Every structure is written in structure tokens, then in C-alpha cells.
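Each chain, written out:
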Amino acid sequence: MREKILSPLNPEQERAVTGTDGAVLVLAGAGSGKTRVIAHRVAWLLQERHLSPHNLLAVTFTNKAAEEMRDRVMALLNKDRLPFLWIGTFHSICARILRADIGRLEGGYNTYFSIADADDTLGLVKRILKERGISESNFQPRKVQSAISRAKADALDAEAYAEKARTYFQRTIAPVYREYDRRLRESNSLDFDDLLFFTERLLEGDEEVRERYRARFLHLLVDEYQDTNRTQYRLLRLLASPRCSVFAVGDEDQSIYRWRGADIQNILDFQRDFPGAEVVKLERNYRSTRPILEAANTLVAHNENRLGKNLWTEREEGEAVTLFAAPSDREEAAYVADTVERYKAFAEYRQMAVVYRTNAQSRSFEEAFLNRRIAYQVVGGIKFYERREVKDVLSYLRVAANPLDRISLLRVLNVPPRGIGKVTVETLEDMARERGGTLYGVIREEAAKGGLPPRARVALRGFVDIMDALDRKVRAGKDLGALAEFVLEATGYVSYLDSLKGPGPDPQDRLENIQELVSAMRDFEIRQGGSLAEFLERQALVSDQDSLDASGTDTVKLLTLHAVKGLEFPIVFLTGLEEDLLPHVLSQESDAEVEEERRLCYVGMTRAMDRLHLTWARRRYVYGTLEDRRPSPFLLEIPGEMIREEAGVPSAGGSLLEAAQMLERKAAPKPQRPFKVGCRVHHPKFGFGIVLSTKGEGEDLKVTVSFNRHGRKMLLARMAKLEVL
DNA sequence: CAATCCCATTTTTTT
DNA sequence: AATGGGATTG
């Protein structure tokens, strides 16, 4: 057994696995076997150090990674179950902790709390802004949402935020934040940040709970440490007693979630935070050939803010990395599809991946693959559980599980339309406020009697009857699939979908999505034996990667650079290597942002085991208009001799030299089109801003600018005294 | 109250 | 290109 755990490891990996009981930081380069190190460490602790599974907590980045980790450990130990071993994402672990003890926090939450997703919370922000007459053009809901999220990551609740608010923006949204939290509270709902933030407050404020977990967890193992945020860091410190061993694995070169609050300083400061920590570097790469690794190493070496390491591989021989400059995005897709077909002679589809910066780029590839009948799967994108029809059905179930969930209740009250209109809803909300009762309670009262017009009352009655019947089925312990089917049937959802023809998604597709939901619920019931509440929680916390089908159908994977993290493929197409796409237009304000984009590129390159193909397009459709594109500056950071240029279509020359010239040309002043999307401008009255888009030309050139202080304005270029900076 | 039409805007990445 | 919101109409 001991052999099984240690023999597959190289000396550095073994040192990490068998390392001290103090803190350990494993700096694991791409493809150096970091997941393996955690799995083997867990197995080692259980087997050789005789720890109980009860004493370990392993944190992964996705639920899928958690499952794989558990499988690996079980295989190493020849066990077919390990029920007391906690493995999960920060969010799912926090949800679990809160289910047990959220009642000990102030705020009146109970164990049936719902988890509000990004869509729910955005809707909530919009409603609040509208109610308060705050202009959405100056306070974009998205910005407000992320400010609230940021505040929670900094452990600032609404009160603390209001106190600290200085800028006009902060002072305006402080009450919005307060109202947002109030609404979540009355809905017995938590957003993603709350899951972490509440757990922090619970552990910090409640000694008994804190000591319970501290006494339990003797080892904390954290994967992807470079992408933890400040709250997660504080949680770690709260959970770790002085005698607990913290084992963190990560790679600062793969930190790509700064925009979500991840703080690369966590990993850079590990040795300071955990004095005496042992540091193990894993620099041997088992994945890629030398040409691939060399190109990737050279690129990422341009970053300043890194610990630095030197990845090497024994796979000396290998095909050169190629670069293809396509005349257009269509032809880029055609090139990829053609190449996929050629590989198909000796490789499987599943061994190939097409990677891009933005989800919108998947389209041209989907079209090309559809044409050539290449089987593919888009990972992520518009997520399954965010599709409207799926959310509608889920919302019924959410109300059944948590009747206080007002957000879900308002969503389905009149879906499919049953005659409960805006006026009625407003009346009901007023009544709830006056009587100090819950919205759901008021609806039930008014359905039975009350002062509403008869038509509205009958409509309410219909809704309440459905919910009552659903409730009975939940209590009777009906299986999950049956619950979903009941919702469909009782609400007449299928014929409602039929009536939705016209623009928008094909009703047939929507129907299939719903059927998919029903079978996902069945599957969950059979495989995990889970309850409705467990299904809803799981569902709320799935990641893009969780949708990667394990069923093993042979498909080419299409996915973003973020979604591809942690995966590997024999053949990788890294596409859209263009200026303003990678690095993205919206991410070049600071060096830190550009460095993150460079890491993103590095992550994409290092996914490839045998073949890496880079592509870009000279012209591309962006929001429906054809744009001229330039190659990504990152391409010039990789020496020409490390890249072989593909001729591809004869008319397309496209050499690195040419790329260099184009970039030089760009550096020189460009008089003909001064207002480029993304460039900074100054206006005498509105101050500094960024050009969002342009319209028309010559005399009629209009420029849309997002000003720092004054929001979005559309200006006539020849009138406004706009100065390009 | 619901359906229809028109206009404007757009996420870059997601637990 | 596609989607969502707002206003308008039946």
C-alpha cells in the first residue's frame, strides 16, 4: 500500500507528500502533477499517519475536481467509499457549515436558505436601482453588483461600507447595498459572497463552532491556492488551529481570477503568513513537449510579479508550435476544422480542444464544425442552469424548498402567464409590507379571501393550488424527477413554450433543456440519493467544468481560457490571438491586468501535450460589424524561431515580421481614425473617459464614451472638444 | 393584462 | 447578431 502511494512519485513530489506537519507550500508548475500530489498526500495521511478521514479538509477549485480527488484517493486506498472525508470547493464547504449553524448568526436565517445566483442578484440590483430612481447609465447594475461583491470580500457589511464610503459612487450605492442585503435576508437567501462572508462571521464570532471545527481539522489542503481571495484566506486562518497543518498547492503563473477578487498576494506571501513553511517546487513537467513548454516559458517570463521557476520536460522531441494568420474569423474556424479533420485519421475528437478568450468566439467554430459534421461540445457559455426555462422550473422547486424565497417566487408567480399582472403584484407587495407578513403568506390569504378583484383572486388561487400540491409531493418524499414533471404538468409549461414561437430560441431546444433537467434530477436521485434541498444546493454551485461530460462521448471541446484551467489535451488550438482580444480591451488599464492576460495565454499554451496551434484573424465580426484586427502583442514576446508559421490559404501571407510591422505602425501616431474603441479621451466638461464605440464617419462621426464621473455619453465628434490621450 | 414592436446595448472571464 | 427593456396596442 505504501508502495502504491509513493512509488509513482518523483523525489520532489514525494517530499511534498510526506512533508512536515507544519505548513507546506507546493509551487507546482503546469503539468507537474499537483492534483496527484494532493491526492497522494491525503492517502498518505490516512494510510501511513493513521489519521481519520474526519480530520482532513481538502479544498478544490471545482466540484468536478473534488469528485476526481475523492476517486483518486479511494483508488489509492482500495476503498469504494470515504464518507467522512470532506472535499469540496470553498463555496460548497461553507454552504455545508452554514446549513448546520446559520441559525446562530443574527439575521433570522434558517437551514433552508436558498443560494441566489448571479442572475438573481443582478435582477435584484436592477429592481432596487429602479425603485430608487438611480440612473442605470451612471450606475450600471453590473458595476454595482461587483462593488457589493468586492465589499463582501473585504469583510465590509452594508453598515461598514456606508461608513467608509467616500466617493460619489460609493455614497450612492451604500443604501442600495443595505437594501440588497435586506431583501436577501427577507428571502432567506444568500449570494455567493455571503456563503464565504457568513461563514467567516460565524467562525469568528462563535467560539463554540470555531473550536469544533478547529479540533476536527488537523490538516487543511488547498488546491489552486493562487486563485483564493481575501475571504478564503481569512477562512483558512480561522479554520486552522496552531497545530493544524496547512498544505497549499498552487502556481502563481496560473493565477487568472483577479477580476473575481482572487489575490495573487496570498500565494506570494505564504511564507510570511505561515512562518517556517516548507516550500517545495515542482518544476518537472510531465505533460508537454519541449517546443511547447519553451514557448510558454518564454512568454510568461515577461511577467514581473512572480516567484519564478524553471519548468523542464524530458520530452525533448516534438512538433513545433504553429501560427496561422487567417484572413477572417470564418477562415480561422475553417482552418481549425480542417486541421481537426486531418488529425481525426489518427486521433480521437476528445483529444482536441479549441480555446478562446471570450465565449462569443465559439460561434464561428460551432458553425464550421456543424458543416463538417465534427462532433463537439461547448463547455460553459450560457450555462445550462441559467437558461430561462430551466430556471423557471427550478424556481418553483426553490419556493417549495424555501417558501421565503421571494426572488424565486416573484419569478414564477406569473410564469406561465396566469393573469397575475404588475398591478396585482405591487398590491400584494404593499400588503405584505403593511401586515409585516411574508409575500407568500399574503398570497395564500388573498387567494382564499380578501379584497382583490375576483379575477386576480382566481388567478392567485390557481397558483396556490399548484404550490400546495407540489408541497404535498415534496413531503411525501416523491422522487426528484417526479417533482419536476409535476411542475411541468400542473403549470402547463410545455404548451406555454409552444406559444413562445417567433424570435428567440427554438421552443424545441427549450423543451429538450427541460427534459435534460428532469433527467439530471433523476440522475442525482439515483447516484447520490439526494434530497431536493441537496439537489438545489449542488445545482447552485456547479461550475463550467462540471458540465464536461464524463460519459466519454467523443467530442472536440470548445471552451474559454478560464474554463480550460486544470485540463490537458494532446492537441490544442489557441485561437483569436489578437490585440484587444488577448489581452482583452477591458483588461489593459494596468500592468497587473496585462500580466493576468499573459498568464491566461500561458495557461492556454500549457494545456497542450503534443501539438499546439496558435491562430488569429485579420478581420473579425464584433457586435455585428466587421473590424480590422492586429496580432496579439504576446505573439511578439515569443521568439520567431520557436514558432513555425503556417501558410494556410495562399493569399494570406501573415508572418511574424509582418506582425511586428503592424505593431510598429500602431505605435506611430494614427491620424486617420483618432477615436479607437478602448482609447482614453478627455472632455473639458466630463473629464476622463474611455471610448466604447463609434458610429458613422467624417462629419457624422459619433463617439460613445464612458466617463469616469459622468457615465455614458454619445457625442458628435466634430462638436465635442474631445482630446485623445 | 398580455402581446407586439422598436430601440439600444452588449460580459471578458465565473464560484 | 441577439437580447432585453420600454412603450404601445388590442
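In case you missed it, the structure is sitting above this.
Predicted model, so just to flag it, every value in this text is computed and none were measured. (Residues numbered from 1 in each chain as written. Chains lettered and ligands numbered in written order. Predicted model: local features only at pLDDT ≥ 70, side-chain atom pairs only at ≥ 80, totals over all residues. Heavy atoms only, no water.)

### Considerations on the pairing of strand β14 (residues 608–617)
Line of reasoning, step 1. With seven of ten residues buried, β14 is to be regarded as a mostly interior element.
Line of reasoning, step 2. A crossover connection joins strand β13 (residues 569–574) to the parallel β14 through helix α27 (residues 591–605); in handedness this β-α-β unit is right-handed. (Buried < 20%, exposed > 50% of the residue type's maximum accessible area, 1.4 Å probe, protein only. Helix = DSSP H or I, 4+ residues; strand = E, 2+ residues; numbered from the N terminus. Right-handed = clockwise from strand over helix to strand, strands pointing away.)

### A look at the protein's contact with DNA strand C
Line of reasoning, step 1. Taken together, K126, K130, R363, R388 and Y623 form the complete shell of residues around DNA strand C.
Line of reasoning, step 2. When the atoms of DNA strand C within 4 Å of the protein are grouped by moiety, sugar and phosphate amount to 75% of the total.
Line of reasoning, step 3. A distance of 3.1 Å separates a phosphate oxygen of DNA strand C from a polar side-chain atom of K130.
Line of reasoning, step 4. Classifying every residue of the surface near DNA strand C by side-chain character gives one nonpolar, no polar and four charged. (Near = heavy atom within 4 Å. Polar contact = N/O pair within 3.5 Å; in protein donor to acceptor, adjacent residues only side chain to side chain. Nonpolar A, V, L, I, M, F, W, Y, C, P; charged D, E, K, R; others polar.)

### Comments concerning the side chain of D101
Line of reasoning, step 1. Following the sequence through the fold, D101 ends up in helix α5 (residues 90–101).
Line of reasoning, step 2. Apart from residues no more than four positions distant in its own chain, D101 is found in contact with L202, V209, R212 and Y213. (Contact = heavy atoms within 4.5 Å.)

### Overview of helix α9 (residues 168–186)
Line of reasoning, step 1. Taking 1.5 Å per residue, 19 residues should reach 27 Å; α9 reaches 28 Å between its end C-alpha atoms and fits that length.
Line of reasoning, step 2. The largest bend in α9 amounts to roughly 30 degrees and is located at A174, with the proline P175 lying one to four residues further along.
Line of reasoning, step 3. All buried positions along α9 are accounted for by T172, I173, A174, V176, Y177, E179, Y180, D181, R183 and L184.
Line of reasoning, step 4. Buried-residue contacts for α9 involve α6 (118–131), α7 (141–153), α8 (158–164), β5 (189–190), α10 (192–205) and α19 (406–412).
Line of reasoning, step 5. N188 sits one or two positions beyond α9 and adopts a positive phi of about 50 degrees. (Expected span 1.5 Å × (residues − 1). Bend = angle between axes of the 7 residues up to and from the residue.)

### A word on unusual backbone geometry
Line of reasoning, step 1. Between V415 and P416 the backbone carries a cis peptide bond, its omega angle lying at -5 degrees.
Line of reasoning, step 2. Note on placement: P416 falls in the loop between α19 and α20 (422–435).
Line of reasoning, step 3. Here L582 and P583 are connected by a cis peptide whose omega angle stands at 0 degrees.
Line of reasoning, step 4. Take P583: it is sitting in the loop between β13 and α27.
Line of reasoning, step 5. We note that A155 has phi near 65 degrees; this positive angle belongs to a residue other than glycine.

### Observations regarding the pairing of strand β15 (residues 619–622)
Line of reasoning, step 1. Where β15 lies against strand β16 (residues 625–628), four bridges are found, and the strand directions are antiparallel. Looking across to β16, one finds that Y621 is bridged to L626.
Line of reasoning, step 2. Taken together, β15 and the strand that follows it, β16, pair antiparallel across an intervening segment of two residues, in which Y623 is found at a positive phi of about 50 degrees. (Pairing = 2+ DSSP bridges.)

### Regarding the sheet that holds β14
Line of reasoning, step 1. A sheet is described by the order of its strands in space; here seven strands give the open sequence β11-β12-β10-β13-β14-β9-β17, paired in parallel fashion. The sheet terminates laterally at β11 (376–378) and β17 (643–646), the two strands that pair on one side only. Strand-to-strand twist across the sheet, computed as the mean angle between neighbouring axes with direction ignored, equals 25 degrees.
Line of reasoning, step 2. Sitting on the sheet, helix α17 (residues 362–371) is in contact with β10 (352–356), β11 and β12 (556–560), with an inclination near 170 degrees to β12.
Line of reasoning, step 3. Sitting on the sheet, α27 is in contact with β13 and β14, with an inclination near 140 degrees to β13. (Axes fitted to C-alpha atoms, helices over the stretch in contact; angles between N-to-C directions.)

### Let's talk about empty space enclosed by the protein
Line of reasoning, step 1. Overall, the coordinates contain four cavities of 30 Å³ or more when judged by the stated rule.
Line of reasoning, step 2. Here the largest cavity defines a volume of roughly 140 Å³.
Line of reasoning, step 3. R99, F113, S114, I115 and L536 are the residues nearest the centre of the largest cavity, which is lined by 13 residues in total.
Line of reasoning, step 4. At the level of secondary structure, the elements contributing two or more residues to the lining of the largest cavity comprise β4 (114–115), α18 (388–401) and α26 (532–540).
Line of reasoning, step 5. The element that contributes the greatest number of residues to the lining of the largest cavity is α26, accounting for five residues.
Line of reasoning, step 6. Partitioned by chemical class, the residues of the lining of the largest cavity number seven nonpolar, three polar and three charged.
Line of reasoning, step 7. Among the elements of the structure, β2 (56–60), α5, α10 and α12 (230–239) are those that each provide at least two residues to the lining of the second largest cavity.
Line of reasoning, step 8. When residues in the lining of the second largest cavity are grouped by element, the largest group, four residues, is from α5.
Line of reasoning, step 9. Split into classes, the residues belonging to the lining of the second largest cavity amount to ten nonpolar, one polar and no charged. (1 Å grid on protein atoms, 1.4 Å probe; cavity = no way out; pocket = protein on both sides within 12 Å on 5 of 7 lines; lining within 4 Å. Points joined across faces, edges and corners; volume = space filled by probe spheres on them.)

### As for the packing of aromatic side chains
Line of reasoning, step 1. Per the counting criterion, the structure on display carries 18 aromatic pairs.
Line of reasoning, step 2. Taking 5.1 Å as the distance between ring centres and 50 degrees as the angle between the ring planes, the aromatic pair formed by F61 and Y257 counts as tilted. Here Y257 lies in the loop between β7 (245–250) and α13 (265–268) and F61 lies in the loop between β2 and α4 (63–77), a separation of 196 residues in the sequence.
Line of reasoning, step 3. For the pair Y257 and W259, a centre-to-centre distance of 5.6 Å together with 40 degrees between the ring planes defines the contact as tilted.
Line of reasoning, step 4. Take W259: its relative accessible area is 53%, and that puts it in the exposed class.
Line of reasoning, step 5. One aromatic cluster in this structure is built from F61, Y257 and W259.
Line of reasoning, step 6. The ring of F274 carries R237 above its face, with NZ or CZ at 4.6 Å from the centroid. (Phe/Tyr/Trp six-rings, centres within 6.5 Å; stacked < 30°, edge-to-face > 60°. Lys NZ or Arg CZ within 6 Å of the ring centre and 35° of its normal.)

### Focus: a positive patch on the surface
Line of reasoning, step 1. On the surface, K126, K130, R142 and K422 cluster together into a positively charged patch.
Line of reasoning, step 2. Mapped onto the elements, K130 comes out in helix α6.
Line of reasoning, step 3. Overall, K130 belongs to the exposed group, its relative accessible area being 64%. (Patch = residues over 30% accessible without salt bridge, like charges linked within 9 Å, V, L, I, M, F, W, Y side chains within 5 Å. Areas by Shrake-Rupley, 256 points an atom, 1.4 Å probe, with all protein chains shown as cover. Salt bridge = Lys/Arg side-chain N within 4 Å of Asp/Glu carboxyl O. Lys, Arg positive; Asp, Glu negative; His and termini not counted. Charge placed at Lys NZ, Arg CZ, Asp CG, Glu CD.)

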